[in-house]
Amino acid sequence: MSAQRGAAAASPARPALAHDQAARIDGEYAGDHWDAWRLGVPARRGRRTARFDAITQDWLRDPVKRWSRFRLATGCAFATISAGALAMSRFSAFLAGRHPGVTDETGITRAVLEDYLSWLLTQGYSAATRALSLSILRVFSAACHRHGWLPGLAHDAVIYAEELPDHHDQIARFIPEFVMTQLESAAALDRLPFTTTRNLVVVLIETGLRGGDACGLAFSPTLDDSAGWPCLRFEATKVRAEQLIPLSAKAAAAIRSQQEHVLQNWPAGSPWLFPGITGNDDGAKPYSHRTFAQQLARWQQVIGLRDQAGQPVTVTGHQFRHTLGTRLINSGVPQHVVQRLLGHASPHMTAHYARVHDTTIREAFDHYQRQRVNIAGETLGYDPDAPTAAAEWVKHSLSRIRDSLPNGYCGRPPQQDCPHPNACLTCPDFQTTPEFLDTHRRQSVINLRLITRADANGQTRLAAGLRQVQDSLDHIIPALEAIPDAQETGDDQG
């Protein structure tokens, strides 16, 4: 009976405690300097604050904060809220400097917004920053119209989608292979002073993860597929979705190495695959992405990273992502697969890598076209400025996907069936270049042996077919040898 009275006496305290907690959270939101951890919102280390105090107009600041709280409730990452606050602070500074007479939302007219477009351009901001500033203002204005947070805002006070700078058409910032060779060398990686940093670099290069997502990986982030191959499971904060991607053997080895390192240094365990390196005795804090960026830049100075001209160069962790995307496209991986692997919300970003691929591979294609010989050993003419050059490039690209030959390429349009399966060296559509010279030489030696054997065994039809192949080789090999630098190219292939 006494226990029941005690429980009854305690029950009124629970609503009071919840009320106090709610009041404390409301007080945090009422402030102009938000801390994600104090609000009970997940956020990465170094990205847990959002500042609204730079929005100097009270009538603008309060709706921006209300909108930001609403966005958090709908699942936006805290870093997105922080970026939105910064963008709206930019708009506030514009109003204070160019339109000080605007004292409430009724002063935000279409003409004022057009002036903001011009002002952003004069401030020297990049296309990406201008696009972010305008898209944030556009989404904020739409929310205010929908929810009545700025009731006096004119309905024509909007930023149109076509007015956003088209920064998505920029070329992906991939790292040239000359530089990547230096970064991926075992000797360079060994000069990273911390095991955690070294394993993280490998994981970023191999998976293309965003740096923040990688720093926030759980201690056991892998699952095995039906064939026993490891896959990486992680939360992609930018698109607010869990992803599962296959791991390369190198990435899987780096993850296992890092798990062993964590257990050696934090015997009680850590929730993170990459715990913070210093000031983290209990392993409770994840590795700071900001710290990683600093250590990455310092490492590049230590190894003396250089570009092909011998000049010092610095790359960012995010460029590993661009590089992986470019490598995959260049390897013939379909664009929609790359989009899925890198977790792009739309194919627009993935198209960056395809544009890089088309530019660089087209240059190589023009070079290849000038070196072609057919099965008669005749050099095929090519003019890159001819009206048909673009169509020939498309035909070549499609053929490379359909027909992968060990000794050349098929010049037949891919829409047309091949009447010469497994007989490319007797096919008039076959083309080859000096890079396959050693392959042809080896095949010639083997083919002559097969002719001798077929003759000895009385296999006249087989011998006749082999002689056709040999006739083509006898034309192809001298023709390729006559191309400048062909000897050196052929030797490199052996």
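Calculation notes
- Residues numbered from 1 in each chain as written.
- Predicted model: local features only at pLDDT ≥ 70, side-chain atom pairs only at ≥ 80, totals over all residues.
- Heavy atoms only, no water.
- Helix = DSSP H or I, 4+ residues; strand = E, 2+ residues; numbered from the N terminus.
- Buried < 20%, exposed > 50% of the residue type's maximum accessible area, 1.4 Å probe, protein only.
- Contact = heavy atoms within 4.5 Å.
- Areas by Shrake-Rupley, 256 points an atom, 1.4 Å probe, with all protein chains shown as cover.
- Core = buried A, V, L, I, M, F, W, Y, C linked by side-chain atoms within 4.5 Å.
- Axes fitted to C-alpha atoms, helices over the stretch in contact; angles between N-to-C directions.
- Left-handed = near helix turned anticlockwise from the far one by under 90°.
- pLDDT = per-residue confidence, 0-100.
- Expected span 1.5 Å × (residues − 1).
- Phe/Tyr/Trp six-rings, centres within 6.5 Å; stacked < 30°, edge-to-face > 60°.
- Pairing = 2+ DSSP bridges.
- Parallel < 35°, antiparallel > 145°, perpendicular 65-115°, else oblique.
- Nonpolar A, V, L, I, M, F, W, Y, C, P; charged D, E, K, R; others polar.
- Salt bridge = Lys/Arg side-chain N within 4 Å of Asp/Glu carboxyl O.

1. Description of the overall build of the chain
Phase 1: Across its full length, the chain carries 20 helices and seven strands.
Phase 2: Looking at the chain as a whole, 40% of its 494 residues are labelled buried.
Phase 3: Taking the contacts inside the chain whose residues are at least 6 apart along the sequence as the reference set, 59% of them involve residues at least 24 apart.
Phase 4: Of the roughly 26300 Å² of accessible surface on the chain, 54% is carried by carbon and sulfur atoms.

2. Some points on the environment of Pro-271
Phase 1: If you trace the backbone, Pro-271 turns up in the loop between α12 (249-265) and α13 (289-302).
Phase 2: Counting along the chain gives 54 residues from Pro-271 to Leu-217, while the straight-line C-alpha distance between them is 8.7 Å.
Phase 3: Residues within four places of Pro-271 in sequence aside, it is in contact with Leu-217, Ala-218, Phe-219 and Gly-283.

3. A look at the nonpolar core
Phase 1: Trp-34, Leu-60, Met-88, Phe-91 and Phe-140 are the most contacted members of the largest nonpolar core, which has 41 residues in total.
Phase 2: At the level of elements, α2 (13-30), α3 (36-39), α4 (58-73), α5 (78-98), α6 (110-122) and α7 (127-147) are the ones that each hand at least two residues to this core.
Phase 3: Examining the composition of this core, we find that eight residues originate from one element, α5, more than from any other.
Phase 4: Of all hydrophobic cores here, the second largest spans 35 residues; its members include Ala-188, Leu-217, Trp-299 and Ile-303.

4. Topic: the packing of helix α8 (residues 177-184) against helix α14 (residues 317-330)
Phase 1: One way to put it is that α8 packs onto α14 with a least axis distance of 12 Å and a crossing angle of 115 degrees. The handedness of the crossing between α8 and α14 is left-handed. Note on element contacts: α14 touches α8 through Phe-320, Thr-323 and Arg-327, opposite Glu-177, Met-180, Leu-183 and Glu-184.

5. With respect to the confidence of the model for the chain
Phase 1: On average, residues of the chain score 82 in pLDDT, and 80% of them are at 70 or above.
Phase 2: When mean pLDDT is taken per element in the chain, helix α10 (residues 195-207) scores highest with 96 and helix α1 (residues 2-10) scores lowest with 48.
Phase 3: The model gives residues 1-10 a pLDDT under 50, and that stretch makes zero contacts with residues more than four places away or in other chains.
Phase 4: Confidence drops under pLDDT 50 across residues 413-422; counting only partners more than four residues distant or on other chains, this segment forms 13 contacts.

6. A word on α12
Phase 1: The terminal C-alpha atoms of α12 lie 25 Å apart, and with 17 residues this matches the ideal 24 Å at 1.5 Å per residue to within 8%.
Phase 2: Within α12, the full set of buried residues consists of Ala-251, Ala-252, Ala-254, Ile-255, Gln-258, Gln-259, His-261 and Val-262.
Phase 3: Buried residues along α12 sit against α10, β3 (222-224) and β4 (230-236).

7. Brief notes about the packing of aromatic side chains
Phase 1: Under the counting rule described, the total for this entry stands at 10 aromatic pairs.
Phase 2: With 5.3 Å between their ring centres and 65 degrees between their planes, Trp-67 and Phe-140 make a pair best called edge-to-face. Remark: Phe-140 occurs in helix α7 and Trp-67 occurs in helix α4; sequence separation between them is 73 residues.
Phase 3: Relative to Trp-119, the ring of Phe-94 has its centre 5.6 Å away and its plane inclined at 55 degrees; by these criteria the two rings are tilted. Remark: Trp-119 occurs in helix α6 and Phe-94 occurs in helix α5; sequence separation between them is 25 residues. The residues Phe-94 and Trp-119 share a single accessibility class, namely buried.
Phase 4: Ring pairing ties together the aromatic residues Phe-91, Phe-94, Tyr-116 and Trp-119, which thus form one cluster.

8. Topic: the pairing of β4
Regular strands have side chains that alternate between both faces of the sheet.
Phase 1: The element β4 is largely enclosed, with a buried count of five among its seven residues.
Phase 2: With three bridges connecting them, β3 and β4 associate as antiparallel partners. Across the sheet, residue Asp-224 finds its bridge partner in β4, namely Pro-230.
Phase 3: As consecutive antiparallel partners, β3 and β4 are separated by five residues, and within that stretch Gly-228 has a phi angle of approximately 85 degrees, a positive value.
Phase 4: Bridge count for β4 against strand β5 (residues 241-246) is six bridges, and the pairing is antiparallel. Its bridge partner lying in β5, Phe-234 is registered against Gln-243.

9. Let's talk about the packing of α5 against α6
Phase 1: It is the contact of α5 with α6, at a shortest axis distance of 11 Å, that shows an interaxial angle of 105 degrees. One finds that α5 runs roughly perpendicular with respect to α6. Taken together, the residues of α6 that come into contact with α5 (itself represented by Ala-87, Arg-90, Phe-91, Phe-94, Leu-95 and Arg-98) are Val-112, Leu-113, Asp-115, Tyr-116, Trp-119 and Leu-120.
Phase 2: Of the residues belonging to the contact of α5 with α6, the class tally is nine nonpolar, no polar and three charged.

10. Overview of the sheet that holds β5
Phase 1: Strand order in this open sheet of three strands is β3-β4-β5, and the pairing throughout is antiparallel. Of all the strands in the sheet, just β3 and β5 have a single pairing partner and so form its edges. Strand-to-strand, the axes of this sheet are offset by a mean angle of 30 degrees, without reference to chain direction.

11. Some words on the side chain of Arg-110
Phase 1: Tracing the backbone through its elements, the reader meets Arg-110 in helix α6.
Phase 2: The residues contacting Arg-110, other than those within four sequence positions of it, are Asp-156, Ala-157, Val-158, Ile-159, Tyr-160 and Glu-163.

12. Brief notes about the pattern of salt bridges
Phase 1: Taken as a whole, this structure holds 15 salt bridges when the rule is applied.
Phase 2: Here Arg-110 makes a salt bridge to Glu-114, at a shortest N to O gap of 3.0 Å. Here Arg-110 pairs with Glu-114, and both are found in helix α6, just four residues apart, close to one helical turn.
Phase 3: Counted as one network, the salt bridges with shared partners bring together Arg-24, Glu-28 and Arg-38.

13. Here we look at the environment of Leu-132
Phase 1: Note on placement: Leu-132 falls in helix α7.
Phase 2: With 48 residues separating them along the chain, Leu-132 and Gly-84 place their C-alpha atoms 8.5 Å apart.

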